[in-house]
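Tertiary structure, described
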Amino acid sequence: VVAPAFDEPLENTVCTHCGQCVAVCPVGALSENDNTWKVIEGLADPDTTVVVQTAPATRVALGEAFGYEAGSVVTGEMVAALRRLGFDYVFDTDFAADLTIMEEGTELLGRLEEYLNGKEVALPILTSCCPAWVNFIESQYEELIDIPSSARSPQQMFGSIAKTYFAEKLNVPREKMMVVSIMPCLAKKFEASRDEFSVEGNPDVDVVLSTRELAHLIKRANINIAELEKESYDNPLGISTGAGLIFGVTGGVLEAALRTAYETKTGETLEKLEFEQVRGFDGLRVAQVDMGEITLNVGIAHGLSHARKLLDEIKEGNPRNLHVIEVMACPGGCIGGAGQPYHHGDVNILKKRIASIYSEEKNITIRKSHENPAVKELYETYLGKPMGEKAHHLLHTHYAFKEKY
Ligand code: SF4
């Protein structure tokens, strides 16, 4: 099947991306469900406050749809374009990625503590940011259902916080707020529709557009991003750290978690923030990380065939004694997501996007999630502590075996 050119409509287009969804497709993500019209309706309604979040990986790929070189970083142009389209608040999923680290990191340290005290505990803990991966484990590994972190993904944490904390700040009822996500991912559309992530029928995230769909929307509005002055995200849900940004690449969620877990566990400041041993492009990687009292054995898989190998090992008794595993369904992580501009299997494009994320991250002043001032304020004024009662209610979920989606 030939992928469509960018000026062709996307509605019901057959995805030619990677075939991962054949294994895990929950709701017909083989064809893209384009909900752009819903966004346009929301933007046109003066009584609706429309909030948008952009995932880490979108900023290094959107430019490709406008003729930029692969991996070009267009964060400021994307933010400016979203404002021209009429969004009331332009926020960053990186903020919620930092929040994810606070919750997931606390959960990891809690489980490790119990493990070190000789208690029976579910290890390795698995990252749970990738909905395709969650669907995969829920449908194919019933016996491992208790090992993923219960932390919601950054997209869903954002939606939950936007429609509670932020809506309350604005004094806007949740029914009058529309949360739109710009994601590199088609599985995120399904994730947003899960019953667990709505309150009395009102979803935390109303509409998910892929990076490609955003490019279409911008073009339909006759906006040329190259002509826009760069703009910054709004506050407070637009404040983020380098750790949040690296969620977009394979190994990034784990590295972000290690930065926070190391400093929390040892009480020492990391001299070097880069955990080179978890970086790379091999489909399945294992590494050791010194955490003071314990040496962590970590595993990283991208692509579900590699994830399957790792899970089969764990089913057979976890011979490598892995403590933490990061899995991303797409090659390269979210930068290679099925909603990104097509890369037609060109690994060099994926590698350029990854390189851009890492070089961009080096220029960010704050690079550890637990130092994000907006996240700190959120805990101080609203949530209490990580894994506390309110945080658990708003930021965590549960998993169940589903024979068939
Ligand atoms: Fe979506 Fe792929 Fe990222 Fe998973 S790895 S969240 S499927 S883009």
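Quick caveat: nothing in here was measured; it's all calculated off a predicted structure. (Residues numbered from 1 in each chain as written. Predicted model: local features only at pLDDT ≥ 70, side-chain atom pairs only at ≥ 80, totals over all residues.)

Scanning the protein from N- to C-terminus turns up 14 helices and 10 strands. A globule of 405 residues ought to have a C-alpha radius of gyration of about 22 Å, and the protein, at 20 Å, matches this closely. Here the C-alpha coordinates of the protein stretch approximately 60 × 50 × 45 Å along the principal axes. By residue count, 50% of the 405 residues in the protein fall in the buried class. Put simply, 75% of the contacts in the protein that link residues at least 6 apart link residues at least 24 apart. (Helix = DSSP H or I, 4+ residues; strand = E, 2+ residues; numbered from the N terminus. Rg over C-alpha atoms; globule rule 2.2 N^0.38 Å. Buried ≥ 20, exposed ≤ 12 C-beta atoms within 10 Å, placed from the backbone. Contact = placed C-beta atoms within 7 Å.)

Our focus in this paragraph is unusual backbone geometry. Here the amide bond leading from leucine 123 into proline 124 is cis, since omega sits at 0°, within 30 degrees of zero. Along the chain, the position of proline 124 falls in the loop between helix H4 (93-116) and strand E3 (125-126). Across the junction of asparagine 235 and proline 236, the peptide omega takes the value 0°, indicating a cis bond. Relative to the helices and strands, proline 236 is located in the loop between helix H8 (211-220) and helix H9 (242-245). Despite not being glycine, asparagine 318 shows a phi value in the positive range, around 55°. According to the C-beta neighbour criterion, asparagine 318 is partly exposed, with 16 such atoms within 10 Å.

Let us look at the packing of H4 against helix H10 (residues 252-266). Running from amino to carboxyl end, H4 crosses H10 at an angle of 55°, the nearest separation of the two axes being 9 Å. When the axes of H4 and H10 are compared, the pair comes out oblique. Regarding H4 and H10, the two cross each other, and that crossing is right-handed. Of the residues in H10, those in contact with Ile101, Glu104, Gly105, Leu108 and Leu109 of H4 are Ala256, Ala257, Thr260, Ala261, Thr264 and Lys265. In the contact of H4 with H10, the residues fall into six nonpolar, three polar and two charged. (Axes fitted to C-alpha atoms, helices over the stretch in contact; angles between N-to-C directions. Parallel < 35°, antiparallel > 145°, perpendicular 65-115°, else oblique. Left-handed = near helix turned anticlockwise from the far one by under 90°. Nonpolar A, V, L, I, M, F, W, Y, C, P; charged D, E, K, R; others polar.)

In the neighbourhood of the ligand, 14 residues make up the surrounding shell, with Cys130, Cys185, Cys330, Cys334 and Gly337 lying closest. The class makeup of the residues in the shell around the ligand is 11 nonpolar, two polar and one charged. When residues of the shell around the ligand are sorted by domain, at least three fall in each of domain 1 (20-95 + 153-242 + 372-395) and domain 2 (99-152 + 249-340). (Near = placed C-beta within 6 Å. Domains from an automatic or database assignment.)

Each assigned domain of the protein is listed here: domain 1 (20-95 + 153-242 + 372-395) and domain 2 (99-152 + 249-340). Centre-to-centre, using C-alpha coordinates, domain 1 lies 24 Å away from domain 2. Those elements that provide at least two residues to the side of domain 1 that touches domain 2 are helix H1 (20-24), helix H6 (154-170), helix H7 (187-193), H8 and helix H14 (389-395).

Before going further, it helps to examine the nonpolar core. The biggest cluster of nonpolar side chains holds 110 residues, and the ones touching the most others in it are Val52, Trp133 and Ile335. The contact partners of isoleucine 335, leaving out residues within four places of it in the chain, are Ala57, Val60, Ala61, Pro184, Gly248, Val249, Leu350, Arg353, Ile354 and Ile357. (Core = buried A, V, L, I, M, F, W, Y, C linked by C-beta atoms within 7 Å.)

Attention now goes to the pairing of strand E1 (residues 49-54). Where burial is concerned, most of E1 is hidden: six out of the six residues are buried. Neither face of E1 is left uncovered, since the one carrying Thr49, Val51 and Gln53 and the one carrying Val50, Val52 and Thr54 both have all their residues buried. Here E1 runs beside strand E4 (residues 177-183); their pairing, made up of six bridges, is parallel. Bridge pairing links valine 50 to methionine 178 in E4. The sheet contact formed by E1 and strand E2 (residues 89-92) spans four bridges and is parallel. Paired with threonine 54 across the two strands is aspartate 92, which belongs to E2. Read as a crossover between parallel neighbours, the route from E1 over helix H3 (residues 75-85) to E2 is right-handed. (Pairing = 2+ DSSP bridges. Right-handed = clockwise from strand over helix to strand, strands pointing away.)

Closest axis-to-axis distance for the H4/H6 pair is 8 Å, and the angle between their directions is 100°. With respect to H6, the element H4 is oriented roughly perpendicular. Of the residues in H6, those touching H4 at Thr93, Ala96, Ala97, Leu99 and Thr100 are Pro154, Gln155, Met157 and Phe158. Classifying every residue of the contact of H4 with H6 gives six nonpolar, three polar and no charged.

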